[in-house]
Amino acid sequence: MTEVFTPDFDSYRWDPVVDVDEALPMVTVRWADGTSLDCFSLWLYENTVAIDPVTRESMTDPGDLPGPEVLTSAAVDQDGALRLSWSHGDVSTVHPGWLRSIAERRHVPDAVSELTVWTAAIGEPPTFDGTDVLHDDSVFEAWVAALASHGLARLRGTTQDRDEMERIGRRLGPIRGSNFGDLFTVEAVFDKADSLANTGGNLGQHSDLPTRETPPGYQFLHCVENSVPGGASRMTDGLAVVERLSRDHAEHYEALTSLEWVFANRARDGDHRWVGPIIDHGTPRDPLTLRAFYPVRLAPHMESTDVPRAYEAMRVFSTVAHDPDLMLSNPFEPGDLVGFDNRRVLHGRDAFDPGAGRRVLRGCYLDRDDVLSRLRVLQRNRRHTEPKTATSETRTS
């Protein structure tokens, strides 16, 4: 079977097209199970004739595209690929598996993993062996896949080296810096604390950096040392919180999603500010963003008549977020490394006595886009090594 061009670096199972319906400039391709895809002539042009064979990117500025009539015919070849004839005389062959991936919407951003909503019933975070995560792609992929689906996943048995967090973080993607630096340390430092995290006090369920236009997508915490009693880490799935609020507390849910607050970090050397609701759904395509760090919630940004109900709604939000039926509570063991979706999963900590030992965590943030990109590449690389009936390696059309 001839190798067929695809406008990307992925590989696809050969899934033959069985029928083509021409209603030019639209072409409808169909598969044996009845799945179909409508393809406009210029979209096909952009992804065949106009593709650079090295970068796999479209080379034609929209102003330079030909008219829709540039496609003169479409048919199924003997192997089940889509064969296109163009008015300038070229012929293109389109991989039917690539077309099928578009028909099944496997190309859209949220197709990388199905979301799993969880409660305290799972007992422990999804947990993986951290001893080989820097070298074993299968373990690494499983961990990152759990991060994407559950918004929470743990490694156990990593080294207690202070630089381990950076090594694993950079294997995931570019580390996102903040006013705490690229890598930060969470440790009780008494009168030098620059955040409540760097005390021994209780921290209620929250998300980090709601002061930013786009808060970090993922946060990672690596336990270097822990000899204090108390200080258990707590995690609550924000999707479960939102689900319960919308179902059982509709009035408060409306207030939490519509009434806005000003968030500002109270730092000596920084002044980040943003305005938004506690539950921020953004646009229909945005992932859930919870802006729920009470130490940096500065002031209501709403009519004064709405302030009382805004406070009552926040009280209900906190009660649900701390419900033992929804919240996991696990101590940090030295060598544990926990990653979680900072915009979805609420995290907190029990109080501990900093004079009774040391509790040292190393942390960093990564953008959600970079973590999901890494997962797609890991999945793609695995598919490239699996047996298949046809490849998607490039040939010019």
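Below is a summary of the structure that appears in this document. Because the structure is a prediction, the values reported are computed rather than measured.

### Looking at the pattern of salt bridges
Per the counting criterion, the structure on display carries 27 salt bridges. Here Arg100 makes a salt bridge to Asp15, at a shortest N to O gap of 3.5 Å. Of the two residues, Arg100 sits in helix 2 (residues 96–103) while Asp15 sits in the segment before strand 1 (19–23), which places them 85 residues apart along the sequence. You can call Arg100 buried: its relative accessible area is 8%. The salt bridge partner of Arg154 is Glu124, with a shortest N-O separation of 2.7 Å.

### Focus: unusual backbone geometry
In this structure, Pro25 follows Leu24 across a cis peptide bond, with omega equal to 15°. Counting through the fold element by element, Pro25 comes out in the loop between strand 1 and strand 2 (26–30). Of note in the backbone geometry, Arg105 takes a positive phi value of approximately 60° without being a glycine. Mapped onto the secondary structure, Arg105 falls in the loop between helix 2 and strand 7 (127–129). Arg105 gets classed as partly exposed once you look at its relative accessible area, which sits at 45%.

### Some thoughts on the pairing of strand 14 (residues 260–264)
Most of strand 14 is tucked away, with four of its five residues classed as buried. Two elements, strand 14 and strand 18 (residues 297–301), share four bridges in a ladder whose sense is antiparallel. Considered in strand 18, the bridge of Phe263 is made with Arg297.

### Considerations on the packing of helix 6 (residues 250–258) against helix 7 (residues 307–321)
Across the interface, helix 6 lies against helix 7 with an axial gap of 9 Å and an inter-helix angle of 105°. It follows that helix 6 is roughly perpendicular to helix 7 by the angle criterion. Across from His252, Glu254, Ala255 and Leu256 in helix 6, the residues of helix 7 making contact are Arg309, Glu312, Ala313, Met314, Val316 and Phe317. Partitioned by chemical class, the residues of the contact of helix 6 with helix 7 number six nonpolar, one polar and three charged.

Reading guide: rules and limits
- Residues numbered from 1 in each chain as written.
- Predicted model: local features only at pLDDT ≥ 70, side-chain atom pairs only at ≥ 80, totals over all residues.
- Heavy atoms only, no water.
- Salt bridge = Lys/Arg side-chain N within 4 Å of Asp/Glu carboxyl O.
- Helix = DSSP H or I, 4+ residues; strand = E, 2+ residues; numbered from the N terminus.
- Buried < 20%, exposed > 50% of the residue type's maximum accessible area, 1.4 Å probe, protein only.
- Pairing = 2+ DSSP bridges.
- Axes fitted to C-alpha atoms, helices over the stretch in contact; angles between N-to-C directions.
- Parallel < 35°, antiparallel > 145°, perpendicular 65-115°, else oblique.
- Contact = heavy atoms within 4.5 Å.
- Nonpolar A, V, L, I, M, F, W, Y, C, P; charged D, E, K, R; others polar.

Don't take any of this as a statement about function, it's just geometry.
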